[in-house]
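Listed below are the residues making up each chain.
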Amino acid sequence: MYRHNTIGPPSLLQNAAFVIGLLLLSLMLTSCSQVSLTKPQTTREGLVYAYAGVTTARNTTGSLLSANKITPAQARTYQNLADNARSALDLGDTFLAKGDQGQAQTHLQLAQNVLNQLTATLAFYSGDKK
Amino acid sequence: MTNNTSQLAENILTATQIALNALAIAQMASSIILKAQREGRDVSNEEMAQMRVADDVARATLEAQIKAAESKA
């Protein structure tokens, strides 16, 4: 049985605490980024980070689904969007192997656009603001 | 009050899970890129394949979660 809203809407305090928690975790991630993450210098390095973004989107979708913050239909949509981003990255890598830097960059950018939209949507539901 | 606390705990758990997963994948990507940069080369096909495999696993896991949720709904 799908448990959506069986407990009732979260209070303002709950939402505030959750947002503060997310903020702290974001700060933690930012700190880690500053310590160990490095900026991509080549298209292939950009592809690596974008693949990581696709994987993170899928993991986040799974966590939100498990927490009943999104429906299975929404999760299916986000899975499909992640698939689209993945396809663009695979295509970009193929173009790169053929030496077509321009097409590789175009497909990397396409994937990043999809990922940006998907990440924003997932962040919205992570904040429980639906 | 108990429900509120339970909901709050669930929210914190979800946020923590999301952040830890994101951190693990970001660290994986970062270590691949750092290693390549330190060795003065671009990312290899094998390293790129590692990222694809990680995504394949995440995809299969999410697919199973969606199917399980659909069957419960």
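Treat the numbers as computed from the prediction; the structure is a model and nothing was measured. (Residues numbered from 1 in each chain as written. Chains lettered and ligands numbered in written order. Predicted model: local features only at pLDDT ≥ 70, side-chain atom pairs only at ≥ 80, totals over all residues. Heavy atoms only, no water.)

**Student:** I keep staring at the packing of helix H2 (residues 43-66) of chain A against helix H2 (residues 45-72) of chain B and nothing clicks. Help me out?
**Tutor:** Packed helix pairs are specified by the crossing angle of their axes together with the interaxial distance, meaning the distance between the axes. Packing of H2(A) against H2(B) brings their axes to within 9 Å, and their N-to-C directions diverge by 15 degrees. Here H2(A) is positioned roughly parallel relative to H2(B), judged by the angle of their axes. Pair H2(A) / H2(B) crosses with left-handed handedness. (Axes fitted to C-alpha atoms, helices over the stretch in contact; angles between N-to-C directions. Helix = DSSP H or I, 4+ residues; strand = E, 2+ residues; numbered from the N terminus. Parallel < 35°, antiparallel > 145°, perpendicular 65-115°, else oblique. Left-handed = near helix turned anticlockwise from the far one by under 90°.)

**Student:** What is the right way to read the packing of aromatic side chains from this model?
**Tutor:** The relation between two aromatic rings is expressed through the spacing of the ring centres and the mutual angle of the planes. Residue and element names in this part refer to chain A. According to the stated counting rule, one finds 1 aromatic pair over all chains in the structure shown. Judged by centre distance (5.2 Å) and plane angle (90 degrees), the ring pair of phenylalanine 124 and tyrosine 125 falls under edge-to-face. Of the residues examined, tyrosine 125 reaches a relative accessible area of 15% and is grouped as buried. (Phe/Tyr/Trp six-rings, centres within 6.5 Å; stacked < 30°, edge-to-face > 60°. Buried < 20%, exposed > 50% of the residue type's maximum accessible area, 1.4 Å probe, protein only.)

**Student:** What is the right way to read the interface of chain A and chain B from this model?
**Tutor:** It is common to give the size of an interface as the accessible area that goes away when the parts come together. Facing the 49 residues of chain A at the interface are 46 residues of chain B. Contact between chain A and chain B buries roughly 4400 Å² in total, counting both sides, with carbon and sulfur atoms accounting for 60%. At the junction of chain A with chain B, the criterion picks out 8 salt bridges. Where Arg76(A) meets Glu70(B), a salt bridge forms, and the shortest distance between an N and an O atom there is 3.6 Å. Between chain A and chain B we count 20 residue pairs in polar contact (both at pLDDT 80 or more) in total. Mapped by element, the contributors of at least two residues to the side of chain A that touches chain B are helix H1 (12-36), H2 and helix H3 (72-97) of chain A. Among the elements that take part in the side of chain A that touches chain B, H2(A) stands out by supplying 19 residues, more than any other. (Contact = heavy atoms within 4.5 Å. Buried area = accessible area lost by both parts, 1.4 Å probe. Salt bridge = Lys/Arg side-chain N within 4 Å of Asp/Glu carboxyl O. Polar contact = N/O pair within 3.5 Å; in protein donor to acceptor, adjacent residues only side chain to side chain.)

**Student:** Where do I start with the nonpolar core in this structure?
**Tutor:** Soluble globular proteins tend to pack their nonpolar side chains together in the buried interior. Core analysis: the largest hydrophobic core is formed by 37 residues, its most contacted members being Leu47(A), Val48(A), Ile70(A), Leu89(A) and Met51(B). Those elements giving two or more residues to this core turn out to be H2, H3 and helix H4 (101-126) of chain A together with helix H1 (2-38) and H2 of chain B. The element best represented in this core is H2(A), accounting for 10 residues. (Core = buried A, V, L, I, M, F, W, Y, C linked by side-chain atoms within 4.5 Å.)

**Student:** Would you mind showing me how to read the environment of Ile70(A) here?
**Tutor:** Residue and element names in this part refer to chain A. When you line up the elements, isoleucine 70 lands in the loop between H2 and H3. In this structure isoleucine 70 comes out as buried when scored by relative accessible area, which is 0%. Taking C-alpha positions, isoleucine 70 is 28 Å from leucine 108, a pair spaced 38 residues apart along the chain.

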